[in-house]
2 protein chains.
Amino acid sequence: MKKERTEINELGEFGLIDLISKDIKLKHKNSVLGIGDDAAILDAGNEYLLISSDMLIENVHFDLTYFPLKHLGYKAVAVNISDICAMNGTANQITVNIGISNRFSVEAIQEIYNGIKEACEEYNIDLVGGDTCSSTSGLILSITAIGNCKKDNIVKRTGAKPNDIICVTGNLGAAFLGLKKLTIEKKLFLEDSNIKPELKDFQYAIQRQMTPKARIDIINKLNELKIVPTSMIDISDGLASELLHISKMSKVGINVFEDKIPIDKEIYNLAEKLNLNPLLAAFNGGEDYELLFTISQKDFEKVKDINEITYIGYVQDINKGNYLVTKAGESIEIEAQGWKHF
Amino acid sequence: MKKERTEINELGEFGLIDLISKDIKLKHKNSVLGIGDDAAILDAGNEYLLISSDMLIENVHFDLTYFPLKHLGYKAVAVNISDICAMNGTANQITVNIGISNRFSVEAIQEIYNGIKEACEEYNIDLVGGDTCSSTSGLILSITAIGNCKKDNIVKRTGAKPNDIICVTGNLGAAFLGLKKLTIEKKLFLEDSNIKPELKDFQYAIQRQMTPKARIDIINKLNELKIVPTSMIDISDGLASELLHISKMSKVGINVFEDKIPIDKEIYNLAEKLNLNPLLAAFNGGEDYELLFTISQKDFEKVKDINEITYIGYVQDINKGNYLVTKAGESIEIEAQGWKHF
């Protein structure tokens, strides 16, 4: 007998997306790529148009007890720009839909928009529209970014080939540690409101959590070096999850090395203080908004001396599976993570 | 001394939007029009690209006690398509951001998407992306529609000129009556769950509330007749509010006639049953998603016999103000409505 009610967590986020999108057929000639990458691709004649959309919901994606409104506005924009970067494109416009309850004052809403406008300034983005409406409970921010890309430069999740080099930008795990520290301090404060939060050592990690940077600098650098990655994705859900996306979409295997994963030295110390494994923070933590990409071996010479790009492994045949080689030389299979929010 | 906290309802929706957008300057050459119309306009070379975004929040915009999930999905798409129509454009793609709590089953989410897909089929739209995330409270749907328009055909809110003819499509007030009836029946049901809702006579009004149609038929008809309206807006907040938008944006006065406002005969009877004024339902009710537009007098001959288009008044000099002439021949000033949701 058919079950009448299936819980969302039985399917998980990606299972749900697969179910929703499985019977969708694109009808328009200019709809080049739909659901399943960092952004949709539309054909705009001489170039591609990129459309990416993300929603941030209070108490799911952010906690206003410690998240300043201005930073929230900034982050909401940056994470959408990051999606356009992940297609090797340039974001130019955003629309902002905001849901606000009457517990927010006009000044509070202005603070959010100050952050939004600061990000627009930094990333050279025009705020061109949106919807302002009331919400019965928390704050909701839903942003759509519109970008463009030369047709020859577009990078999807599907192009990785065996023997390609796997690279990441910046360093990983800091945003997760920042979040952990903030939630710990919140808990302590709720237990005893006389306790002052000790955040001094965690400035960098907290900043990574609150105001992540979209890596347009890397996109510009790759463009300058005339390197078009074979595949790319931004790291929003943790390195493991993104590696598995590349694996699944490109139909390839992955081999990465623990000792190559870029983790800031400071993050090792902080992780110890919080009794956390820094590798797990990098692998499963998420919200770093760094770029994960693969390049042909021929391009490796050009990137190997760039400070902000780290080689972490290589692409292999799909039959060889997806593995992390630990510092001890052991190969551990990379596994899918569940949906954190449910 | 400066007040430290301003409540949102002191400013109202439009005051808040004015405040947020007052210092926004568009930097990109291809950002043709930003905040302040039904959709943003981007220059895509040979044509204009139109971007419109709307958010629907549970218990603000809809009540799931009587709103079927499939209809909700349909409506969320239709109201965005309607915004693209209001620019005289054609919508081609949408992205859907959805926030869902775990009180929704997978089957319930599929019902929403069945409605979304039905609207995509009806309006020839590709669903190309979006974000699926969990919500701590209700259901949230944030949709962005992407459309296009020949450059010569674009219609904004700013082009109405004195002596232009003011037209509306279809009929007005039905969606509001449908909503009223549903909320009354809900109240009765909550008081006594043995009461069966009496909705028979209200089928049309309820259908107008639940599955409003985006008037692409009218856009196609105008195109066929080679009529480009001088200004246009879709009626989401009630005729009064939209007339005042045209007035403000085009810097003109408005004169409309009560006896010309198209209200379905059935709606008169229903309004009487609910003890409501049908004219107020049309003027201040909203959610009809009909089109309000102005045309040059020279085009009047071409539209005057079209069933679905009604002449309701004319544009006048801004100094003459905005008036409704009642059946008794009295001129009443059209006044701004507040933000209903706060």
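Calculation notes
- Note on numbering: residues in each chain are counted from 1, in written sequence order.
- Naming scheme: in the order in which they are written, chains are lettered from A and ligands are numbered from 1.
- In view of the model being predicted, local features appear only for residues whose pLDDT reaches at least 70, and side-chain atom pairs are presented and counted only at 80 or more, with totals across whole chains, interfaces and linings using the full set of residues.
- Excluded from the side-chain calculations are hydrogens and water; all other atoms, namely the structure's heavy atoms, are used.
- Pairing between strands requires that DSSP locate at least two bridges from one strand to the other.
- Secondary structure follows DSSP: runs of H or I at least 4 residues long count as helices, runs of E at least 2 residues long count as strands, and numbering of each begins at the N terminus.
- Axis geometry follows a simple rule: fit a line to the C-alpha atoms, using only the stretch in contact for helices, then measure angles between N-to-C directions, giving values from 0 to 180 degrees.
- Every residue pair with non-hydrogen atoms within 4.5 Å of one another is taken to be in contact.
- We call two directions roughly parallel when the angle between them is under 35 degrees, roughly antiparallel when it is over 145, roughly perpendicular when it lies between 65 and 115, and oblique otherwise.
- The sense of a crossing depends on the near helix, which, turned anticlockwise from the far helix by less than a right angle, makes the crossing left-handed and, turned clockwise, makes it right-handed.
- For this scheme, ten residues count as nonpolar: Ala, Val, Leu, Ile, Met, Phe, Trp, Tyr, Cys and Pro. Four count as charged, namely Asp, Glu, Lys and Arg, and the remainder, Gly too, count as polar.
- Three exposure classes are used, based on accessible area relative to the maximum for each residue type with a 1.4 Å probe and protein chains only: buried under 20%, partly exposed in between, and exposed over 50%.
- Side-chain atoms alone can form a polar contact between residues adjacent in sequence; in general such a contact is a pair of N or O atoms within 3.5 Å, and within protein one must be able to donate a hydrogen while the other accepts it.
- Superposing copies: least-squares fit, C-alpha atoms only, residues required to have pLDDT of at least 70 in both.
- Exposure above 30% relative accessible area and the absence of a salt bridge qualify a residue for a patch, where like charges join within 9 Å and nonpolar side chains (Val, Leu, Ile, Met, Phe, Trp, Tyr) within 5 Å.
- Only the protein chains shown count as cover for residues, and the accessible areas themselves come from Shrake-Rupley with a 1.4 Å probe.
- Salt bridge, as used here, is a side-chain nitrogen of Lys or Arg placed within 4 Å of a carboxyl oxygen of Asp or Glu.
- All domain edges in this entry derive from an automatic or database-based domain assignment.
- Buried surface area refers to the total accessible area, computed with a probe of radius 1.4 Å, that the two partners give up upon joining, counted for both partners together.
- Values of pLDDT, which run from 0 to 100, indicate the predictor's confidence residue by residue.

## So, the sheet that holds strand S5 (residues 126-134) of chain B
Residues and elements named next belong to chain B. If you walk across this open sheet you meet the six strands as S1-S2-S3-S6-S4-S5, and the pairing is mixed. In the strand order of this sheet, the two ends are held by strand S1 (31-33) and S5, each with one partner. Across the sheet, the mean angle from the axis of one strand to that of its neighbour is 20°, orientation sign disregarded. In this sheet, strand S3 (residues 47-57) lies alongside strand S2 (residues 40-43) in antiparallel orientation, the contact comprising four bridges. Looking across to S3, one finds that Ile41 is bridged to Leu50. Helix-sheet contacts for helix H3 (residues 106-123) involve strand S4 (90-100), S5 and strand S6 (140-150), and the interaxial angle to S4 is about 175°.

## Notes on the packing of helix H2 (residues 69-85) of chain A against helix H3 (residues 106-123) of chain A
Residue and element names in this part refer to chain A. H3 packs onto H2 with a crossing angle of 40° between their chain directions and a minimal axis gap of 6 Å. As far as their axial angle goes, H3 and H2 are oblique. As for the relative orientation of H2 and H3, their crossing is right-handed in sense. Residues Leu69, Lys70, Gly73, Tyr74, Val77, Ala78 and Ile81 of H2 form the contact with H3, whose participating residues are Ala108, Glu111, Ile112, Asn114, Gly115, Ile116, Glu118, Ala119, Glu122 and Tyr123. A class-by-class count of the residues in the contact of H2 with H3 yields 10 nonpolar, three polar and four charged.

## Some points on the side chain of B:Thr230
All names here are of chain B. By secondary structure assignment, the location of Thr230 is in the loop between helix H6 (216-224) and strand S8 (231-234). Exposure remark for Thr230: the relative accessible area of 19% places this residue in the buried category. A polar atom in the side chain of Thr230 sits 2.7 Å from the side chain of Asp164. A distance of 2.5 Å separates polar atoms of two side chains, one belonging to Thr230 and the other to Thr294. Filtering out sequence-adjacent residues up to four positions away, Thr230 remains in contact with Val155, Lys156, Gly159, Ala160, Asp164, Thr294, Ile295 and Ser296.

## Remarks on the relation of the copies chain A and chain B
The operation relating the two chain copies consists of a rotation about an axis and a shift along that axis. Between chain A and chain B, which share one sequence, the superposing operator has a rotation angle of 180° and an axial displacement of 0.0 Å; the RMSD is 0.0 Å. The operation mapping one copy onto its partner corresponds to a two-fold rotation axis. With an isologous cut-off of 70% or more, the 100% of interface residues of chain A that recur at the interface of chain B puts this contact in the isologous class.

## Some words on a nonpolar patch on the surface
Residue and element names in this part refer to chain A. Residues Ile184, Leu188 and Ile195 make up a contiguous nonpolar surface patch of roughly 200 Å² in combined accessible area. Positionally, Ile184 belongs in helix H4 (residues 174-191). Residue Ile184 is classed as partly exposed on the basis of its relative accessible area of 33%.

## Let's talk about the environment of A:Arg103
Mapped onto the fold, A:Arg103 is located in the loop between strand S4 (90-100) and H3. Excluding its chain neighbours within four sequence positions, the residues that come into contact with A:Arg103 are A:Glu58, A:Leu64, A:Ser137, A:Gly138, A:Leu139 and B:Arg5. Within polar-contact distance, the side chain of A:Arg103 engages the side chain of A:Glu58 at 2.4 Å.

## Quick word on the side chain of B:Ser53
Residue position: B:Ser53 is located in strand S3. Separated by 3.4 Å, the side chain of B:Ser53 and the backbone oxygen of B:Ile143 make a polar contact. Looking at B:Ser53, its side chain comes within polar contact range of the side chain of B:Thr144, at 2.8 Å. What B:Ser53 contacts, discounting residues up to four positions off in sequence, is A:Thr95, A:Asn97, A:Gly130, A:Asp131, A:Thr144, B:Asn80, B:Ile143 and B:Thr144.

## Examining the interface of chain A and chain B
Taken together, the contacts link 78 residues of chain A with 78 residues of chain B. Linking chain A with chain B are two salt bridges. For A:Asp23, the salt bridge identified is with B:Lys117, shortest N-O distance 2.7 Å. Joining chain A to chain B, the criterion identifies 38 residue pairs in polar contact (both at pLDDT 80 or more). Among the secondary structure elements, those contributing two or more residues to the side of chain A that touches chain B are helix H1 (8-21), strand S1 (31-33), strand S2 (40-43), strand S3 (47-57), S4, H3, strand S5 (126-134) and strand S6 (140-150) of chain A. Across the side of chain A that touches chain B, the residue classes break down as 34 nonpolar, 28 polar and 16 charged.

## Some thoughts on the pattern of salt bridges
Enumeration over the complete set of coordinates arrives at 47 salt bridges over all chains. The salt bridge involving B:Arg215 is made with B:Asp217; its shortest N-O contact spans 2.8 Å. Several salt bridges converge on common partners, so that one network encompasses A:Arg208, A:Arg215, A:Asp217, A:Glu290 and A:Glu308.

## Considerations on the domain arrangement of chain A
Residue and element names in this part refer to chain A. Domain boundaries assigned for chain A yield domain 1 (25-153) and domain 2 (165-333). Counting residues at the interface gives 24 residues for domain 1 and 23 residues for domain 2. For the pairing of domain 1 and domain 2, the buried interface totals around 2,100 Å² over both sides, and the portion due to carbon and sulfur atoms is 58%. Applying the counting rule to domain 1 against domain 2 returns three salt bridges.

## Considering the packing of helix H7 (residues 239-250) of chain A against helix H9 (residues 278-285) of chain A
Residues and elements named next belong to chain A. Two elements in contact, H7 and H9, have axes separated by 4 Å at closest approach and are oriented at 45°. In terms of orientation, H7 lies oblique with respect to H9. Residue-level contacts link Leu239, Ala240, Ser241 and Leu243 of H7 to Ala282, Phe283 and Asn284 of H9. Counted by class, the contact of H7 with H9 contains five nonpolar, two polar and no charged residues.

## Section: helix H9 (residues 278-285) of chain B
All names here are of chain B. With respect to burial, H9 is a largely interior element, six of its eight residues being buried. Inspection of H9 places Pro278, Leu279, Ala281, Ala282, Phe283 and Gly285 among the buried residues, and these make up the whole buried set. Those residues of H9 that are buried lie in contact with helix H4 (174-191), helix H7 (239-250), strand S9 (253-257), helix H8 (265-273) and strand S12 (322-325). Capping the start of H9, Asn277 holds a side-chain oxygen 2.8 Å from the backbone nitrogen of Leu279, two or three residues further along. Where H9 ends, the next residue or the one after it, Gly286, has phi of about 85°, a positive value.

## Focus on the confidence of the model for chain A
Residue and element names in this part refer to chain A. Mean pLDDT over chain A works out to 93, with 97% of the residues at or above the 70 mark. Throughout residues 338-342 the model reports pLDDT below 50, and contacts reaching past four residues in sequence, or to other chains, amount to 19 contacts. Interface confidence in the predicted complex, given as ipTM, is 0.91; pTM for the same model is 0.93.

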